[in-house]
Amino acid sequence: MSEPSKEDELSGTEQPFVQHLMELRDRVLYSLYGVLICVALLMFWPGPDGLIDFIAIPIKEHMPPGAKLIAVGVFSPFFVPLKVLMMVAVLMALPWLMYQVWAFVAPGLYSHEKKFALPLILFGSLLAYVGIGFVQFFVLGNMFKFIQHFTPASVAATPDIASYVEAILSLYIAFAAAFQVPIVVMLLVRLGLVEIEKLKAFRGYFVVLSFVIAAIITPPDVISQLALAIPMCLLYEIGILGAGWFSKASRAPEAEGEAGAAADKPTDGN
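Summary of the structure given here. (Residues numbered from 1 in each chain as written. Predicted model: local features only at pLDDT ≥ 70, side-chain atom pairs only at ≥ 80, totals over all residues. Heavy atoms only, no water.)

1. Details of unusual backbone geometry
Logical step 1: Residue Pro46 is bonded to the preceding Trp45 through a cis peptide linkage, with omega at 5 degrees.
Logical step 2: Tracing the backbone through its elements, the reader meets Pro46 in the loop between helix 1 (17–44) and helix 2 (47–55). (Helix = DSSP H or I, 4+ residues; strand = E, 2+ residues; numbered from the N terminus.)

2. A look at the nonpolar core
Logical step 1: Counting residues in each nonpolar core, the largest one holds 57 residues, and the members touching the most others are Leu140, Tyr164, Tyr172 and Phe175.
Logical step 2: Dropping the residues within four chain positions of it, Tyr164 is found in contact with Ile55, Ala56, Pro58, Ile59, Leu69, Leu140 and Phe144. (Core = buried A, V, L, I, M, F, W, Y, C linked by side-chain atoms within 4.5 Å. Buried < 20%, exposed > 50% of the residue type's maximum accessible area, 1.4 Å probe, protein only. Contact = heavy atoms within 4.5 Å.)

3. A closer look at the packing of aromatic side chains
Logical step 1: A complete count under the given rule lists 12 aromatic pairs for this structure.
Logical step 2: Ring geometry for Trp96 against Tyr99: centres 5.9 Å apart, planes inclined by 25 degrees, an arrangement best described as stacked. Here Trp96 pairs with Tyr99, and both are found in helix 5 (residues 94–105), just 3 residues apart, close to one helical turn.
Logical step 3: Taking relative accessible area as the criterion, Trp96 reaches 37% and is therefore assigned partly exposed.
Logical step 4: Here the aromatic residues Phe134, Phe138, Phe175 and Phe179 are joined through ring pairs into a cluster of three or more. (Phe/Tyr/Trp six-rings, centres within 6.5 Å; stacked < 30°, edge-to-face > 60°.)

4. What about helix 1?
Logical step 1: With 28 residues, helix 1 ought to run about 40 Å at 1.5 Å a step, and its terminal C-alpha atoms sit 41 Å apart, in line with that.
Logical step 2: By the burial criterion, the buried members of helix 1 are Arg27, Ser31, Gly34, Val35, Cys38, Val39 and Leu42.
Logical step 3: Looking at the buried positions of helix 1, the neighbouring elements they touch are helix 2, helix 4 (76–92) and helix 5. (Expected span 1.5 Å × (residues − 1).)

5. Observations concerning helix 7 (residues 161–178)
Logical step 1: Here helix 7 is 18 residues long and its end C-alpha atoms lie 26 Å apart, about the 26 Å a rise of 1.5 Å per residue gives.
Logical step 2: What helix 7 keeps buried is the set Ile161, Tyr164, Val165, Ile168, Leu169, Leu171, Tyr172, Ala174, Phe175, Ala176 and Ala178.

6. Points about the pattern of salt bridges
Two side chains of opposite charge can pair, provided their charged atoms sit close to one another.
Logical step 1: A complete count under the given rule lists 5 salt bridges for this structure.
Logical step 2: Across the pair Glu166 and Lys83 runs a salt bridge, and its minimum N-O distance is 2.6 Å. One end of the pair, Glu166, is in helix 7; the other, Lys83, is in helix 4, and 83 residues separate them in sequence.
Logical step 3: For Glu166, a relative accessible area of 45% gives the class partly exposed.
Logical step 4: Residue Arg203 pairs with Glu237 through a salt bridge whose shortest N-O separation is 2.5 Å. Here Glu237 lies in helix 11 (residues 222–249) and Arg203 lies in helix 10 (residues 203–217), a separation of 34 residues in the sequence.
Logical step 5: Note on Arg203: relative accessible area 33%, which makes it partly exposed.
Logical step 6: Classification of Glu237 as partly exposed rests on a relative accessible area of 27%. (Salt bridge = Lys/Arg side-chain N within 4 Å of Asp/Glu carboxyl O.)

Keep in mind these values describe shape, not function.
So, in structure tokens, the structure goes:
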């Protein structure tokens, strides 16, 4: 006689569609409040001018002595610092924003999934910060140093602040997204979409894919392309190493019990 199936812990927790919309509205508002608080803090210190001075450090180190970034557009002196302020505020509030995403989907997760969802979100936020810091403190300085070698002596390197902010913003986003490779790999394995052995076999193709992606989304210089492709390959290996542990640690207790029972069950010897 077969044992009765265990009751699903999520049974009876379904919510009406309107309630989902209200919950989504609340989470969006909470996210907006978090960003606005960060904007207020950044306005107080270091202020828009301080933020502009900070992000301009990598390029000013490779400009002629006394040279400054220029503002070509009529409204650039106002809108560019405001854009930088909003960009930094969103990055500052990233863990809070990711928490709101987790809080929205948490009611639909099992208890063993909730246990690892929040650490995974925090780990993803940390990787995004590491990627952005890598751009600010390593990639930009070396990239501008490389570019300056090709600048003719008769040309004054005085970039426009709007184009500069646009360029570094795209690099921030690219590296923050690329540094999520371990998270993506672990989730693919956990969801059963791919096996670890297949990921290992795909290793050589991923190296080529990393350089192709780097060539597409980074400026046309060797430094930034290598700086993106090489970390992606290393993070891919980290994802493979962590996928086995994460898949096992986040498994449901019932699944672990069934796996252990199947392993202990004696086989018929014929």
